Structure formats: C-alpha cells, structure tokens
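# Descriptive analysis of the structure
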Amino acid sequence: MSIALSEQEIIRRESLQQLRALGINPYPAEAFDVNAWAQDITDNFAIKPEAYQNVVIAGRIMTRRIMGSASFAELQDSTGRIQIYLKRDDICPDEDKTLYNTVFKKLLDIGDYIGIKGYVFLTQTGEISVHVRDLIVLSKSLKPLPVVKREDDGTIHDGFTDPELRYRQRYVDLTVNPAYKQIFINRSKVISSMRNYFNNQGWMEVETPILQPVHGGAAARPFATHHNTLDMPLFLRIANELYLKRLIVAGFDGVYEFGKMFRNEGMDRTHNPEFTAMEIYVAYKDYIWMMAMVEECLETVAKAVHGIPVVQVGSNEINFAGPYEKLSMYDSILKYTGIDVSAMDEAGLREVCAELKIDVNPTMGKGKLIDEIFSAKVEHNLIQPTYITDYPIEMTPLAKKHRTKDGLVERFELFVNGKEIANAYSELNDPIDQRERLEEQLILAGRGDDEAMAMDDDFLRALEYGMPPTSGLGIGIDRLVMLMTNQSTIQEVLFFPQMRPEKKAKVVTIEDFTNIGVPAEWVPVLNKMGFNTVEELKAANPNKVFNDLGGMRKKMKLDITMPTKEEVMAWFK
RNA sequence: GAUUCCGUAGCUCAGCUGGUAGAGCAUAACACUUUUAAUGUUGGGGUCCUGGGUUCGAAUCCCAGCGGGAUCACCA
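Heads up: these notes are all about the structure in this document. (Residues numbered from 1 in each chain as written. Chains lettered and ligands numbered in written order. Predicted model: local features only at pLDDT ≥ 70, side-chain atom pairs only at ≥ 80, totals over all residues. Heavy atoms only, no water.)

Quick look at empty space enclosed by the protein now. Enumeration over the complete set of coordinates arrives at three cavities of 30 Å³ or more. Of the volumes computed, that of the largest cavity is approximately 70 Å³. Tallied by class, the residues present in the lining of the largest cavity amount to seven nonpolar, one polar and two charged. (1 Å grid on protein atoms, 1.4 Å probe; cavity = no way out; pocket = protein on both sides within 12 Å on 5 of 7 lines; lining within 4 Å. Points joined across faces, edges and corners; volume = space filled by probe spheres on them. Nonpolar A, V, L, I, M, F, W, Y, C, P; charged D, E, K, R; others polar.)

In structure tokens form, the structure reads like this:
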C-alpha cells in the first residue's frame, strides 16, 4: 500500500470538492427521516399501492443505468434493494438541470448514500420502482465498492469472495454480500431466545470479571496483562465458572452469563482467540436435571431461528427436539468399537489403542487414553444430539464424583453433528475434595502441563462457607450458532474474526521529502517509483534515480521542471 | 506444526514449451426517456506479493521469505 490514491479515489475526491462548490454538503448533519424500506415496498406495494404514493427512503446507490435524461439506479438499504427511476425534468423542473446532469450523472458514484422522496410505480417490465421527485446527498463514498453483479436467476458475477478481504473489511462484505447478514441476525436470535428462556425460568443474568488475578475454571493457556496502579499481573479470563459458583454461594438460585472468553492458543476454523460462552449455574439441581433443561432450551432456540426444531446442517438434518440419546462414555465406546473398556487398566487401554491404530504417547494416563479412543472412534458418529455421560475423574477437577460409579464424575457433554457443543456437571461442592483435586492439577503444572488449572484460594474459601448442590452448564455460543446457521467455520459467525496484522504502509508526508530538498511536485513521482520513505530513497543508487526520474517524466507525460543532476545528488547527502 | 494450492488493473480472473501485460465489470468522455449483468463508440489505469538466482531476455523456470485458502495434526 503506498500513500498514492488510485485514479478512482482521486476522481471521487474531486467530485466531493465539486459538490461543495455547488453548495451541496456531501456530509449533511440533519437527520433524514425515512418512512419506507426496500423490503416493505417490494412485499406490500401490490397489496395496497395507495400507501406508497409518498415514500421517503435512503440507502446506498449500488448500480446505475443512465440513459440520457432518464436513469435507473438501485438503492440498497438495511432491508434490501429497490430500483429507483430518475427523470431529468422531474427532479429538475426549472431551467437549472444541474442536479440531474451534474450531481446525479457525474458527481455521484456507486456506494454513495442518498435520500429520495417519490412514489412507487411499476415499470414497463414490471419491476416495482420508486419514481424520484427529490434527491439529497447523504454521504459521499470515497473508496469504490467491489461491484457484484446479480442476474435475475441469482447468478453472481465478479463475487467478492476472498475470505481475507471479507473478514478484514466486514463492512464491505456485508454491503456487497448482504445475504451474510442473515447469519448474524440468526446469531442474535440464538442469544436472545436463550436469554429469554433463562429469564422466564427466573434465573438472573450477571457479569463477572474478565480481568482475573487467577485464571481458573478451564484448562487453557491465558492472555496475560498487567495493571499499572496495582502493579499486579492480571489474566483475561479463560472461563467464568469459578465466579458464577461464588454467586451460588452468595445465595442466588440461578445465575447465567453470556461472555467473551480468551484463550491463547491456536486458531483454525473452529477456534478464535476470543469466543463467546454461555455458562449457567442452578442451585439444588444435578446433571440429570440439566439434560432435560438443555433439551428444552435448544429446542426453543432452534424454533426461534427456523420455526421448527429441525435444522439442516451440511447433509444432515438435526432434530433438536428432546429427549436426546444418552450414552455413558464407556457404553459409547462399546457401541462403536465393540470393546468394553470399563474395567480396563492403563495397560489394557494401551493394547486397545494399538489394536485400533490410535496414536498415543507414554505420558497419557487412563483418562486421556479413554478420551483418545472416544475422539477417534465415537465422536464423529454422534450426529443427532447425544449426551455422553460419566467421564473418568482424572480430567475433570471441578465435577462431583459419581453417586454410584467409582472413578467417574457426574458430567455430560452434548455432541451434535460430531462436535461437542455443551459441557455440564453436577458441580463439586465438597471443599476438601475440591482442594485435593486442584492440588493434583498443581502437580501436573509442576510437570510442565501449562494448561493445568491454577489454585484459587478465594474460590476454595467460598466453597468452605458452603455451596448448595448445584448443576452447571457451559455452551459454546459460536459453535451453536455455526450449527444453527449451517456454517462450517467460526470466522463466518464472528463479525470480526482475529486476523494477522495487516501490513501497514508507513505514513510518510510530503514534508519528509521536501526537507531533504526534493521539490514537492516530484514526491508523487518518487512514490510511483517505489520510494515511499526517505530511507528507501537514500538506499538507492543516485545515478539510477536521476536517470529514472527522466524516464518517469517522459512516461507520465509530466510537465514539470526536471531537477539538475547536482540537485538530485544533494538529496542523498 | 505438516502437506498442498494460490498471490497479475479498483473487483473477478486469463496469460501455453521464457520473447513489448490481457478480458469483463468498475472508472473517464460522448450518445440514448421504462432499463435491469442496460446498450453503442472512444480513452485512461499495472511494484505481475517481496528478495535473490538462471538467462541475451522472467508474470512465466529455480531458491528463500511474506500473505492467504484448503486438508490434516494439536488444542477447547
């Protein structure tokens, strides 16, 4: 990126100046109140045409078809596009035809915001259009939008599809590819319907700290930061679980939070460094109760988005109406491999892994080995919503020990379309057991496991005061939205997914060059030659620069005085 | 992290075994009163990602780097 503007950007800036010269403010301050929208007009004009005889609409010009003293354009507002029809003598009834001939035809461009007043009619080819009586410039666009052309049959030409540009410039993406807006509208529906469901049960939405002195509640590497006044390290939360449990200790029956979590780990199509989780904790409940609640909640969400509980995801039709299949971890492995691992010791599990050709390493314990078998052989089979229950205790330090089965905890994960989307426990509320389990994590950390959970003494203190039996649930909202909107990458359901930093052009002023003696009119020429900084220029061969300047002068047909060789040599002093 | 493909005009993309850089749209000018991927005529617009190498000559071949996509692995 150089500091030079493209030809089209220069032309638009000139148009901007000409608008001002005509006394037209390209960025007026006054409100422009509309009384109609594109979607509304196209849906309802045929039913009651009399209601659309004085419409005021606003939006961006997206296409223009100029035919002498009449023109068609398409205006895009937040609801869609509608064609507008302009006739010179209608918008310029007097002698002065400037508004049409100059402003509309010359000075306005694709992407500009305009407001119009007029009446709706049907063209000869039967397209609902707005016949313009008044036109006002609302905002001039200085960068050309990519022009995506659509045929009536929906064929798209010159699509704006490069994922990098789409994600970096989401504002352009959603302008020229408005169909993607529906994903975000549905995302909003997922969250609001879930929130409504919880509120209707009487549970309370809360906010807990994002900046935490101890990062607890999950196994992940955190982002670290520092508070200056307190001169202390802080972490962006990797989970909010331990704070929500403190609120159960405090005496709330049900608390939930939608919030961003931050994990300093890899990025791919299912992981973004910051993501949205919903966690809810309800007192006096257990994980069996929670399963029924999740079924009811997700059915509500699916209906809010699609009207029915069945959602098309890829080639699968997922039915979110409960009850869901329930399988214990061991039974699921039995079902999909025919092997009963429930009574096996570590050595036996290793044999099974070898038999199933699953890669393992010597550091893996019993719980990890079982998880490997599950991931390799079971997970991808779980298409319809399925609860996997009763996990080995080793990997779950915050869940209560199973009421009847030794070595297991009361936990379930919900799998849909082969992916985990929810995780729930009967929460561990025995403070002595909890302390021991966190101490085991400390040992893991000491052995170099940088994802082991940290000790949180204040959390343990809270438990020691007494937490009622509680069931807790976490749902990955981004992944749930991916399911509900049939998207295969997390980037598509985030407005602004994390990207590598853009290579940024050094901001250079003309003064930097004139300070070393370069005449101002030659600075753009140097930029054109690739010298965007004084340092780059000084690193070049002065003789070659002098020769090239002459070449550029000829090539660009510049009518400016050529500096002498001595003057050029002086730039390099 | 591995494999693989890609990087050319504002946008979407061609460009063969190496020989003066192309199209459509956008843009500029002219014409045109119901078009709709409007049309017709004429013009302008390029660091062929960056840096090396091979060559008389590189967008093209080789090496390295940067950026991106896809698949896989790791990780929640």
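Bringing the pattern of salt bridges into the picture now. Within the structure shown, the criterion is met by 29 salt bridges. A salt bridge links Lys140 to Asp109, with the nearest nitrogen and oxygen atoms 2.5 Å apart. Taken together, the positions of Lys140 in the loop between β5 (128–139) and β6 (149–150) and Asp109 in the loop between α4 (98–107) and β4 (113–122) put the pair 31 residues apart, joining distant regions of the chain. Taken individually, Lys140 and Asp109 each receive the classification buried, so the pair is uniform in this respect. Among the ionic pairs, Glu274 bridges to Lys260, the shortest N-O distance being 2.8 Å. Here Glu274, found in strand β13 (residues 274–283), pairs with Lys260, found in strand β12 (residues 254–262); they are 14 residues apart in sequence, far enough to count as distant. The network of salt bridges with shared partners includes Arg166, Arg170, Asp173 and Glu492. (Salt bridge = Lys/Arg side-chain N within 4 Å of Asp/Glu carboxyl O. Helix = DSSP H or I, 4+ residues; strand = E, 2+ residues; numbered from the N terminus. Buried < 20%, exposed > 50% of the residue type's maximum accessible area, 1.4 Å probe, protein only.)

Moving on, we come to the sheet that holds strand β18 (residues 408–416). Read from one edge to the other, the open sheet built from eight strands follows the order β8-β12-β13-β20-β19-β18-β17-β16, with strand pairing classed as mixed. This sheet does not close on itself; its edge strands, each paired only once, are β8 (204–205) and β16 (325–328). Taken together, the two bridges between β8 and β12 define a ladder with parallel strand orientation. The partner of Glu205 across the bridge, within β12, is Tyr256. (Pairing = 2+ DSSP bridges.)

The biggest cluster of nonpolar side chains holds 47 residues, and the ones touching the most others in it are Met194, Phe198, Met278, Phe320 and Leu473. In terms of residue count, helix α9 (residues 287–306) provides more of this core than any other element does, ten residues in total. Excluding residues within four positions of it along the chain, Phe320 makes contact with Glu295, Leu298, Glu299, Ala302, Pro309, Val311, Pro385, Val416, Leu483 and Met484. If you look at the next biggest cluster of nonpolar residues, it comprises 40 residues, including Ile333, Leu382, Phe415 and Met453. (Core = buried A, V, L, I, M, F, W, Y, C linked by side-chain atoms within 4.5 Å. Contact = heavy atoms within 4.5 Å.)

Bear in mind that shape data such as this cannot, by itself, settle questions of function.
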